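One letter stands for each residue in the lines below.
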Amino acid sequence: MSADYKEVDVYPVGLLWDLRHLGRSDVRFVVRLIRKRHWRCLRNYFNGYLAEHPTAGTRAGHRWTRSRALRDLELHLSGARK
């Protein structure tokens, strides 16, 4: 990766954050999202990792692994430069 990516923050979100900090996922939360048919919220809950660049604004990469989140961010940033 180039020098611009030294400032990138990558951290777990959704299910992975719950598992890391609480030791379990909140099944009731997932069931509630399904019952209310909040499909976008449910999809976002299973994002895995989020990679954010401090100057990229709303552009962020997200995937199940840290490296894939970084690659997704790189794709977003290279697409924004074109």
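Residues numbered from 1 in each chain as written. Predicted model: local features only at pLDDT ≥ 70, side-chain atom pairs only at ≥ 80, totals over all residues. Heavy atoms only, no water.

J.: I tried to follow the overall build of the chain on my own but got confused; where do I start?
T.: When its secondary structure is counted, the chain shows 4 helices and 3 strands. Counting helices and strands in the order they occur from the N terminus, the chain gives β-α-α-α-β-β-α. For the chain, the proportion of its 82 residues judged to be buried stands at 30%. Put simply, of all contacts in the chain between residues at least 6 apart along the chain, 44% involve residues at least 24 apart. Of the roughly 6,100 Å² of accessible surface on the chain, a fraction of 53% belongs to carbon and sulfur atoms. (Helix = DSSP H or I, 4+ residues; strand = E, 2+ residues; numbered from the N terminus. Buried < 20%, exposed > 50% of the residue type's maximum accessible area, 1.4 Å probe, protein only. Contact = heavy atoms within 4.5 Å. Areas by Shrake-Rupley, 256 points an atom, 1.4 Å probe, with all protein chains shown as cover.)

J.: Any chance you could explain the sheet that holds strand E3 (residues 60-63) here in plain terms?
T.: What holds strands together in a sheet is hydrogen bonding between their backbones, with the strands either parallel or antiparallel. Reading across from one edge, E1-E2-E3 is the order of the 3 strands in this open sheet, with antiparallel pairing throughout. Each end of this open sheet is capped by a strand with a single partner; those strands are strand E1 (9-13) and E3. Ignoring strand direction, the axes of neighbouring strands in this sheet form an average angle of 20 degrees. Across 4 bridges, strand E2 (residues 48-52) lies against E3 in antiparallel orientation. Bridged to Ala51 within E3 is Gly61. Each of E1 and E2 touches helix H1 (residues 15-22); the most contacted strand, E1, lies at about 80 degrees to it. (Pairing = 2+ DSSP bridges. Axes fitted to C-alpha atoms, helices over the stretch in contact; angles between N-to-C directions.)

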